[in-house]
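Breakdown of the fold
Here is how the chains run, residue by residue.
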Amino acid sequence: WRFQIRKPIETDIAVNDLKLRTRDLSSTGFYVEWPNCPHELNKEVSVTLVIEKQTLELKAGVVRLDNFGAGIAFRSLDPATSKIIKDWVSKQES
């Protein structure tokens, strides 16, 4: 997860139904601004991400915590969903 190229993409996202905003995003995960995130490392969370009017319901896990937010990695992406995310990320402006 940490070695994927991340882009500074700000987009709305929901983690366990809590609406948040990403600071950066890659094809394998994202960093979300979430001071005092209540979850521990490796905690599984559900993520809702809308890409080009398509709502993706994804499993993910908390992989990083700091004072400003959390790094969250997608888990168990099927190839089609992985391609949707990868293609969308690659289209975004840096």
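Above: the structure in question.
Notes on the structure in this doc start here.

What counts and how
- Residues numbered from 1 in each chain as written.
- Predicted model: local features only at pLDDT ≥ 70, side-chain atom pairs only at ≥ 80, totals over all residues.
- Heavy atoms only, no water.
- Buried < 20%, exposed > 50% of the residue type's maximum accessible area, 1.4 Å probe, protein only.
- Helix = DSSP H or I, 4+ residues; strand = E, 2+ residues; numbered from the N terminus.
- Pairing = 2+ DSSP bridges.
- Axes fitted to C-alpha atoms, helices over the stretch in contact; angles between N-to-C directions.
- Contact = heavy atoms within 4.5 Å.

Let us look at the pairing of strand E3 (residues 29–33). On any regular strand, side chains alternate: one points to one face of the sheet, the next to the other face. Burial analysis of E3 places four of its five residues in the buried class, the great majority of the element. Bridge count between strand E2 (residues 18–25) and E3: three bridges; the pairing is antiparallel. Looking at E3, one finds that Leu 25 is bridged to Phe 30. Hairpin connection from E2 to E3: three residues lie between these consecutive antiparallel strands. One ladder, built from five bridges, connects E3 with strand E6 (residues 69–75); its direction is antiparallel.

Sheet architecture is closed into a barrel: six strands sit in the order E1-E2-E3-E6-E5-E4, paired in antiparallel fashion. Averaged over all pairs of adjacent strands, the angle between strand axes in this sheet comes to 45°, irrespective of strand direction. Here strand E4 (residues 44–51) runs beside strand E5 (residues 54–65); their pairing, made up of eight bridges, is antiparallel. Within E5, the residue paired with Thr 48 across the bridge is Glu 57. Across the face of the sheet, helix H1 (residues 79–91) comes into contact with E2, E4, E5 and E6 while running at roughly 80° to E5.

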